[in-house]
Amino acid sequence: FNHRPTFTNLVLVLGAASSGGLVAYADSNSDDVVGKPQGPPKKKIVVLGTGWGGTTFLRNLDSRLYDVQVISPRNYFAFTPLLPSVTCGTVEPRSVVEPIRRILEKKGGDIKFWEAECFKIDSANKKIHCRSNIGTNLDGNGEFLVDYDYLVIAVGARSNTFNTPGVEENCFFLKEVEDAQKIRRNVMDCFERASLPYLDEEERKKNLHFVVVGGGPTGVEFAAELHDFVTEDLSKLYPSIQHLVKISLIEAADHILTMFDKRITEFAEDKFGRDGIDVKTGYKVVKVAKDAITMQNPATGDIAVPYGMAVWSTGIGTRPFISEFMKQIGQGKRRVLATDEWLRVRECDGVYAVGDCATINQRRVMDDISEIFRVADKDNSGTLTVKEIQDVLDDIYVRYPQVELYLKSRQMNGIADLVRTAKGDAEKESVELNIEEFKKALSLVDSQVASQQGQYLARCFNKMKDAEENPEGPIRIRGEGRHRFRPFRYRHLGQFAPLGGEQTAAQLPGDWISIGHSTQWLWYSVYATKQISWRTRALVISDWSRRFIFGRDSSCI
Ligand code: FAD
């Protein structure tokens, strides 16, 4: 074996696998054997995932203090907020990704990376089971085991189909860079197919009907990007069929962008109306066949609509191996890993979870909260008293301990704070609360947290040794006893919704709303600043400039 930190470091052990076969063992300490001072062994941190949570953790961790191994099926970090721009060629795929090894190299420490996926966590024995997608071991199955002292789970989530028939087979998703590339190719295929000589008008129309399911920020941004692509670029290249293009946006709730302020929702719906994007709210997609998408509305019943391409963007769900792990540790009834305020997975020694795998899915929570409200609002008045709100909250906390955690992390500790946030005044006990406003206040709890959690956790790990040597750490903020670290606190930094035509809506801290062309420039500056490296920053800015000068590329490659 060579002693470099590469995949060839795998030491084979017999009988370590539960299957009884030969299983490779990733032994990260084998470097220490030759030519290095033999101090006390460093504690092993294993990080699962190279997305927002995992990468931010690694960038902030003092990697000299630990023996760090990173495992992820993709060897890069992807800047997800720009994925909708990749679907139409506004930005190129390589401009939004940064190789993980480049990020690790910049840290200068001795961090190992294995391109593989974890398929089982054995928290009782502090081992994880992994499988390489590219290589193989002597047994041919590419499986290996990794030990840990601390495990940081940052594996994100998968697209959620809510078990709707036909979605998996017939829809495109927008979660990964590959998804965005597939969408880009397929949009062009639809245009080329619709241009073929032997098609009648109906078939051309069908091929050019683009359906986006899900009126959240991703679905809305994709619909807007596609509309810009069609009007600014493709209409010139396909003049004979451009009038047949139709974009439909289907949303089950009464409005799109429900997590945004009402002013933004209204502006977006009006703008899409003017642009000719067919926004269908109150429709639930129940089936997606090869040629037609079936949706349901209480007034109209089932409607089947022919389509050329459908993009499914209705939210996220738990990865199967995380569901298995949750069953193993008694969290089987939950939808995400439950952590405490220090991001430790409950009942699991040395295991931490950050990002989407530990964050509640807003759509589900809102559905449940609506249901709880419906039950609590016995007189159907649309308002609840403080006492009723307390009961509702208790019910929500039982179902979603994470909601309580996030309310705390936003320093919203009880009814009074919620009432203040929802009503914008400081009245306390006597106030009655409008349900819609209350839901809006609660909806703020599920924004992007992965990178803030990654940063927080890295800082805790950096101070861990100090804290062990000085156990009388800071007094816990609330509750009994002392704790070594302050609990995680989420800071809401606002959110954007690009709406096409160089217009963006933004909801910034303090409920500050900004909509229009100037906000689009704010969007450009924020996303240019937030890039993970100067390389991606330069690439993204040059892509934007290229698009302004030459338009988007329409080749099917
Ligand atoms: P991810 O970033 O998804 O990373 C998960 C990592 O785990 C990946 O590296 C993956 O390869 C790896 N992994 C998966 N399975 C395994 C396994 N079995 N073993 C090991 N590793 C595994 N949020 C915002 O705040 N603002 C936005 O504008 C915004 N826009 C978005 C646009 C799109 C199109 C999408 C899809 C998401 C957007 N989000 C946005 C949400 C944001 O991307 C997520 O909240 C964030 O990525 C969550 O970070 P994470 O680390 O939990 O997961």
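Above this text is the structure in question.
I will try to describe carefully the structure that is included in this document. (Residues numbered from 1 in each chain as written. Predicted model: local features only at pLDDT ≥ 70, side-chain atom pairs only at ≥ 80, totals over all residues. Heavy atoms only, no water.)

Picture the strands of a sheet paired through backbone hydrogen bonds; they go either parallel or antiparallel. Pairing within the open sheet is parallel, and its 5 strands lie in the order β12-β19-β13-β14-β15. Where the open sheet ends on each side, the last strands, each with one partner, are β12 (172-173) and β15 (278-281). Direction of pairing for strand β13 (residues 209-213) relative to strand β14 (residues 246-251): parallel, over a ladder of 5 bridges. Bridged to V213 within β14 is I250. Sheet contacts for helix α7 (residues 217-237): β13, β14 and β19 (309-312); angle to β14, the most-contacted strand, approximately 175°. (Pairing = 2+ DSSP bridges. Helix = DSSP H or I, 4+ residues; strand = E, 2+ residues; numbered from the N terminus. Contact = heavy atoms within 4.5 Å. Axes fitted to C-alpha atoms, helices over the stretch in contact; angles between N-to-C directions.)

Before going further, it helps to examine the packing of aromatic side chains. Tallied over the entire structure, the rule returns 20 aromatic pairs. Considering the side-chain rings of Y66 and Y150, the 6.3 Å spacing of their centres and the 80° angle between planes classify their relative orientation as edge-to-face. With Y66 in the loop between α1 (52-60) and β4 (67-72) and Y150 in strand β10 (residues 150-153), the pair connects residues that are 84 residues apart, well separated along the chain. Pairing W523 with W544 gives two aromatic rings, centres 5.9 Å apart and planes at 45°, and the pair type is tilted. Taken as a pair, W523 in helix α16 (residues 517-529) and W544 in helix α17 (residues 534-550) lie far apart in primary sequence, 21 residues in all. Classification of W523 as buried rests on a relative accessible area of 4%. (Phe/Tyr/Trp six-rings, centres within 6.5 Å; stacked < 30°, edge-to-face > 60°. Buried < 20%, exposed > 50% of the residue type's maximum accessible area, 1.4 Å probe, protein only.)

This part covers the side chain of T87. Within the secondary structure layout, T87 lies in the loop between α2 (83-86) and β6 (97-99). Taking relative accessible area as the criterion, T87 reaches 0% and is therefore assigned buried. Of the polar contacts made by the side chain of T87, one reaches the backbone oxygen of P84; its length is 2.5 Å. (Polar contact = N/O pair within 3.5 Å; in protein donor to acceptor, adjacent residues only side chain to side chain.)

Regular strands place their side chains on alternate faces of the sheet. The element strand β3 (residues 44-48) is extensively covered by neighbouring structure, given that 5 of its 5 residues are classed as buried. In β3, alternate side chains face the same way, and those of K44, V46 and L48 on one face and I45 and V47 on the other are all buried. Direction of pairing for β3 relative to β4: parallel, over a ladder of 5 bridges. Looking at β4, one finds that I45 is bridged to V68.

The end-to-end C-alpha distance of α7, which contains 21 residues, comes to 29 Å, matching closely the 30 Å that a straight helix rising 1.5 Å per residue would cover. Taken as a whole, α7 carries its principal kink of about 40° at V230. Burial within α7 is extensive, with 15 of its 21 residues counted as buried. (Expected span 1.5 Å × (residues − 1). Bend = angle between axes of the 7 residues up to and from the residue.)

A few words now on the side chain of R537. Topologically, R537 is positioned in helix α17. Comment: no salt bridge for buried R537; closest opposite-charge side chain is E98, at 9.9 Å. Within the local environment of R537, its side chain forms a polar contact with the backbone oxygen of Q531, the two atoms lying 2.9 Å apart. When neighbours within four sequence positions are excluded, R537 is seen to be in contact with A528, T529 and Q531. (Lys, Arg positive; Asp, Glu negative; His and termini not counted. Salt bridge = Lys/Arg side-chain N within 4 Å of Asp/Glu carboxyl O.)

Here we have 3 strands laid out as an open sheet, ordered β24-β25-β26, and antiparallel in their pairing. Edge positions in the sheet fall to β24 (495-500) and β26 (512-516), since each of these pairs with one other strand and no more. Taking each pair of neighbouring strands and ignoring which way they run, the sheet shows an average axis angle of 10°. Two elements, strand β25 (residues 503-508) and β26, share 5 bridges in a ladder whose sense is antiparallel. The residue bridging T504 from the neighbouring strand is G516, located in β26.

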